[in-house]
Amino acid sequence: MEMLQQGADTLDAVIAGVNIVELDPNDTSVGYGGLPNEDGVPELDSCVTHGPTRRCGAVGAIRGIKTPSKIAKLVMDHTTHVMIVGEGATRFAKAYGYKEEDLLTEKSRLAWLVWKQSLRSPSAFNNWISMDQNLTAENVPLKRLKEAFPDVDENTLAWAWDKAIHPTYGTINCLSLNEKGEMSGVTTTSGLAWKIPGRVGDSPIIGAGLFLDQDVGGAGSTGVGEENIRIAGGHTVVENMRHGMHPKDAVMDALKRVSRNYNDDKSKLAKLDIQFYALRKDGEHAAGSLWSGAKTPVQYSVNDGGDSRHEPCVFLYRRG
Ligand code: ASP
């Protein structure tokens, strides 16, 4: 917001915003320190859209680069392509002077090792089954974990076990609008923890994890990326706004489409979480979550020139 108030470009401002979290080793859902894939290697996804020039760029499953959002912008600015993935994305970043680094922190490495241990448990998270199969929670096998990791405290082990059996989804979608009415957006993530190497979620996909049309507004998503891809959520929300829906109705309609893909079967939907965020060109905004929070509302962050604040998401189903 400080950058926007000083007249910076709307895309530079949102990228600078998400860079703070991408570079934070303690955040395990985005950038450096993000939880890794099955092989213990973090792979990051990001895309950007610059409203005024109507251009976009993306990287998928990029390794070794802490700030994938900046590389997505480089793809947009310096190539004829929209998306570069995998090894090619890392090589592209290095061509522009970025250093390849180990993105695994001690914390994310521990969580990965605990996930490996969890595979011996019948309730373990496993990528090689369909979403229809049931996962059941199990008490933390603290005794066994303490023997395996004697130097790690109980709270950290409990955290790591929770991540092992409920792999984290965590992403940032950040949308901006300045006084001139210019808009931009970025989405960045380390994706689904313990994913099969090469898995790409919705976050780098223009039309899913992010879509923005300078004439209408922007939208993005967090949560189970596969569900978003199935309904092209970002694009759906923006098109809904184009046809006159308020951002609240636009995100609710996207949530209903996710639900419809499961015939509105709440017992199946209970295993998913997904959110959509929408910012209209006139500054109206909303966010919607498939499920309400169990105790506190699911929230999104807003700054419209003053202090940052949280606002509650609308939701389709009540949890708990
Ligand atoms: N949507 C991201 C993905 O599926 C994860 C997330 O939002 O947490 O990769």
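If you're wondering where the values come from, they're calculated on a predicted model, not measured in any experiment.

**A closer look at the overall build of the chain**
Right, so step 1: Along the backbone of the chain there are 11 helices and 12 strands.
Right, so step 2: For 320 residues, the compact-globule formula gives about 20 Å, and the C-alpha radius of gyration of the chain, at 19 Å, lands near that figure.
Right, so step 3: With respect to the principal axes defined by its C-alpha atoms, the chain has extents near 60 × 50 × 35 Å.
Right, so step 4: Within the chain, the fraction of its 320 residues that count as buried is 51%.
Right, so step 5: For the chain, the proportion of contacts with a sequence separation of at least 24, taken over those separated by at least 6, is 65%.

**Considerations on the sheet that holds strand β6 (residues 210–213)**
Right, so step 1: An order of β6-β7-β8-β9-β12 is seen for the five strands of this open sheet, with the pairing classed as mixed. The sheet terminates laterally at β6 and β12 (314–317), the two strands that pair on one side only. Across the sheet, the axes of successive neighbouring strands diverge by a mean angle of 15 degrees, strand direction being ignored.
Right, so step 2: Sheet topology note: the strand β9 (residues 285–291)/β12 ladder contains three bridges and is parallel. When the sheet's bridge partners are listed, Trp291 is paired in β12 with Tyr317.
Right, so step 3: Packing of helix α10 (residues 247–260) onto the sheet brings it into contact with β8 (274–280), β9 and β12, and relative to β8 it is tilted by some 150 degrees.

**Comments concerning the packing of aromatic side chains**
Right, so step 1: All told, the structure shown has three aromatic pairs when counted by the stated rule.
Right, so step 2: Between Phe92 and Tyr96 the ring centres are 5.2 Å apart and the planes differ by 55 degrees, which places this aromatic pair in the tilted class.
Right, so step 3: Classification of Tyr96 by relative accessible area gives partly exposed; the value is 38%.
Right, so step 4: Against the face of Trp159 rests Lys107, its NZ or CZ located 5.0 Å from the ring centre.

**Here's the deal with unusual backbone geometry**
Right, so step 1: A positive phi angle is found at Ala61, which is not glycine, with a value near 50 degrees.
Right, so step 2: Ala61 gets classed as buried once you look at its relative accessible area, which sits at 6%.

About the thresholds
- Residues numbered from 1 in each chain as written.
- Predicted model: local features only at pLDDT ≥ 70, side-chain atom pairs only at ≥ 80, totals over all residues.
- Heavy atoms only, no water.
- Helix = DSSP H or I, 4+ residues; strand = E, 2+ residues; numbered from the N terminus.
- Rg over C-alpha atoms; globule rule 2.2 N^0.38 Å.
- Buried < 20%, exposed > 50% of the residue type's maximum accessible area, 1.4 Å probe, protein only.
- Contact = heavy atoms within 4.5 Å.
- Pairing = 2+ DSSP bridges.
- Axes fitted to C-alpha atoms, helices over the stretch in contact; angles between N-to-C directions.
- Phe/Tyr/Trp six-rings, centres within 6.5 Å; stacked < 30°, edge-to-face > 60°.
- Lys NZ or Arg CZ within 6 Å of the ring centre and 35° of its normal.

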